[in-house]
Amino acid sequence: MEIKVLHQVMDWNEDVSEEVKSTLSSHHICMVNVMGSPGAGKTTLITSLINKLKKDYRAGVIEGDIAGQVDAERIASLGVPTVQLNTDGACHIEAMSIQHILPELSLDDLDVIFVENIGNLVCPAEFRIGESVRITILSIPEGDDKVEKYPLMFTDTDCLALNKYDMMPYFDFDESRVCANYETVNPDAPLFRISSRTGEGVQDLADFIADKIEEAKA
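These numbers come from a predicted model, not from an experiment.

**Student:** Just checking my understanding: could you explain the overall build of the chain for this structure?
**Tutor:** What the chain contains, in helices and strands, is 9 helices and 7 strands. Expected size for 218 residues packed as a compact globule is a radius of gyration near 17 Å; at 17 Å, the chain falls within 12% of this value. When its C-alpha atoms are laid out on the principal axes, the chain stretches across 50 × 45 × 35 Å. When each of the 218 residues of the chain is scored for burial, the buried share is 50%. Taken as a whole, the chain presents about 10200 Å² of accessible surface, with 50% of it coming from carbon and sulfur. When the 18 positive and 38 negative side-chain charges of the chain are each reduced to one mean point, those points stand 4 Å apart.

Structure (C-alpha cells):
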C-alpha cells in the first residue's frame, strides 16, 4: 500500500511540474533548481551567479529551507526579488509549492528564477518542480564517495559543480574518482570546478546558465 501511495504522489507531482513548466515557458523564464547537501555552498553560489548574470538578465530567487530565512535575507540584500519557502520539516520542495509561489513574483520582469532546494542528496532528486535546468553541487569537504552513495542525484542533473575547489589542498579528495563515477552515471553532463570565494570557474557556469536562459527566451 505504501508503494502505491508513493507512486500516486510522484505522478501527481509530475503533473503539477508540467503545469509550472508551461507557466514559465509562457513568460520565457528559465528556472534553475540548485541542489546539494547542507553547507555545500548553494546560497553563495547562487549569489555569485546572479552577480555574473545581472548585467544581461533579471533574476529572482525562491529560497527553500526547512525553517528560518537567513539565506533569503542574504539574497534579498542584493536587491533581487526573493520569496522564502519553508517546508516545515519536509526534505524537498514539491512542484505544488512552486506553483503557489509563482504569483508572488512579477514573472514578466524576470528572465531566470533560481530555486535553492532543501539541503539533501536524496529527496530533491526525486521530485521535478518544473525547472529548465538542474545543478547539483558537491563541495570538496563532503568527500569523494557521494556519486556512488547517491547516484540518482548525480544521474538526474544537467551539470555538476565541484564547489569550494580552492580547498582541494586541505582535504583527501580523489577528484579522479568523482569524475569517473560521474561520467559513468551521467556521461553527457558537464562538470564545473568552482570556488565562490575566489571566483574560479563561476563565469563558466554562468555562461552555461546564460545559454539555457537564451533557450527559454527563444
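**Student:** Explain the packing of helix H2 (residues 42-53) against helix H9 (residues 202-217) here, please?
**Tutor:** A pair of packed helices can be characterised by two numbers: the angle between their axes and the separation between those axes. The contact between H2 and H9 brings their axes to 9 Å, and the two run at 70°. By the angle class used here, H2 and H9 are roughly perpendicular. Here the hand of the crossing between H2 and H9 comes out right-handed. In contact with Leu-45, Ser-48, Leu-49, Lys-52 and Leu-53 of H2, H9 contributes Val-202, Gln-203, Leu-205, Ala-206, Ile-209, Ala-210 and Ile-213.

**Student:** I keep staring at H9 and nothing clicks. Help me out?
**Tutor:** Three or four residues apart is the spacing at which side chains of an α-helix point the same way, because the helix has 3.6 residues per turn. Taking 1.5 Å per residue, 16 residues should reach 22 Å; H9 reaches 22 Å between its end C-alpha atoms and fits that length. Where the residues of H9 are buried, they touch strand E1 (30-36), H2, strand E4 (112-116), strand E5 (133-139), strand E6 (159-163) and strand E7 (191-193).

**Student:** Is there a simple way to explain the nonpolar core in this structure?
**Tutor:** The nonpolar side chains of a soluble globular protein tend to be buried, and buried together. By size, the foremost hydrophobic cluster in this structure holds 30 residues, and its most contacted members are Val-32, Leu-49, Leu-53, Phe-114, Ile-135, Leu-205 and Ile-209. Elements that contribute at least two residues to this core include exactly E1, H2, strand E2 (59-65), E4, E5, E6 and H9. With 7 residues, the single largest contributor to this core is H9. When sequence neighbours within four positions are dropped, the list of residues in contact with Ile-135 reads Val-32, Asn-33, Val-34, Met-35, Thr-157, Cys-159, Leu-205 and Ile-209. Residues Ile-93, Ala-95, Leu-107 and Ile-129 belong to the second largest nonpolar core, which totals 20 residues.

**Student:** Which parts of the structure should I look at to understand the packing of aromatic side chains?
**Tutor:** Here the distance between the centres and the angle between the planes together describe a pair of aromatic rings. Across all of its chains, the model carries 1 aromatic pair by this definition. Residues Phe-192 and Phe-208 carry aromatic rings whose centres are separated by 5.5 Å and whose planes lie at 55° to one another, so their mutual orientation is tilted. Here Phe-208 lies in helix H9 and Phe-192 lies in strand E7, a separation of 16 residues in the sequence.

**Student:** Help me out: how do you make sense of the environment of Cys-30 in this one?
**Tutor:** In this structure, Cys-30 sits in strand E1. On a C-alpha basis, the gap between Cys-30 and Glu-116 in space is 14 Å, while along the polypeptide they are 86 residues apart. Not counting the four nearest positions on each side in its chain, Cys-30 is found in contact with Asp-111, Val-112, Ile-113, Ser-132, Val-133, Lys-212, Ile-213 and Ala-216.

**Student:** It is not clear to me how the state of the cysteines should be interpreted in this structure. Could you clarify?
**Tutor:** In protein structure, a disulfide is the covalent linkage between the sulfur atoms of two cysteines. Scanning the model with the defined rule gives 1 disulfide in all. Across the disulfide, Cys-91 is cross-linked to Cys-123 (sulfur-sulfur distance 2.4 Å). One disulfide, between Cys-91 and Cys-123, carries an S-S torsion of -80° and so falls in the left-handed class. One end of the pair, Cys-91, is in the loop between strand E3 (82-86) and helix H4 (95-101); the other, Cys-123, is in helix H5 (residues 123-126), and 32 residues separate them in sequence. For Cys-91, a relative accessible area of 24% puts it in the partly exposed group. In this structure Cys-159 is a free cysteine whose sulfur lies 11 Å from that of Cys-30, the closest cysteine sulfur available.

**Student:** Please clarify how unusual backbone geometry should be interpreted in this entry.
**Tutor:** Most peptide bonds take the trans form, and the phi angle of most residues other than glycine is negative. One non-glycine residue, His-28, lies in the positive phi region at around 55°. Topologically, His-28 is positioned in the loop between helix H1 (2-26) and E1. Of the residues examined, His-28 reaches a relative accessible area of 40% and is grouped as partly exposed.

So, how was this worked out
Residues numbered from 1 in each chain as written. Predicted model: local features only at pLDDT ≥ 70, side-chain atom pairs only at ≥ 80, totals over all residues. Heavy atoms only, no water. Helix = DSSP H or I, 4+ residues; strand = E, 2+ residues; numbered from the N terminus. Rg over C-alpha atoms; globule rule 2.2 N^0.38 Å. Buried < 20%, exposed > 50% of the residue type's maximum accessible area, 1.4 Å probe, protein only. Areas by Shrake-Rupley, 256 points an atom, 1.4 Å probe, with all protein chains shown as cover. Lys, Arg positive; Asp, Glu negative; His and termini not counted. Charge placed at Lys NZ, Arg CZ, Asp CG, Glu CD. Axes fitted to C-alpha atoms, helices over the stretch in contact; angles between N-to-C directions. Parallel < 35°, antiparallel > 145°, perpendicular 65-115°, else oblique. Left-handed = near helix turned anticlockwise from the far one by under 90°. Contact = heavy atoms within 4.5 Å. Expected span 1.5 Å × (residues − 1). Core = buried A, V, L, I, M, F, W, Y, C linked by side-chain atoms within 4.5 Å. Phe/Tyr/Trp six-rings, centres within 6.5 Å; stacked < 30°, edge-to-face > 60°. Disulfide = S-S within 2.5 Å.

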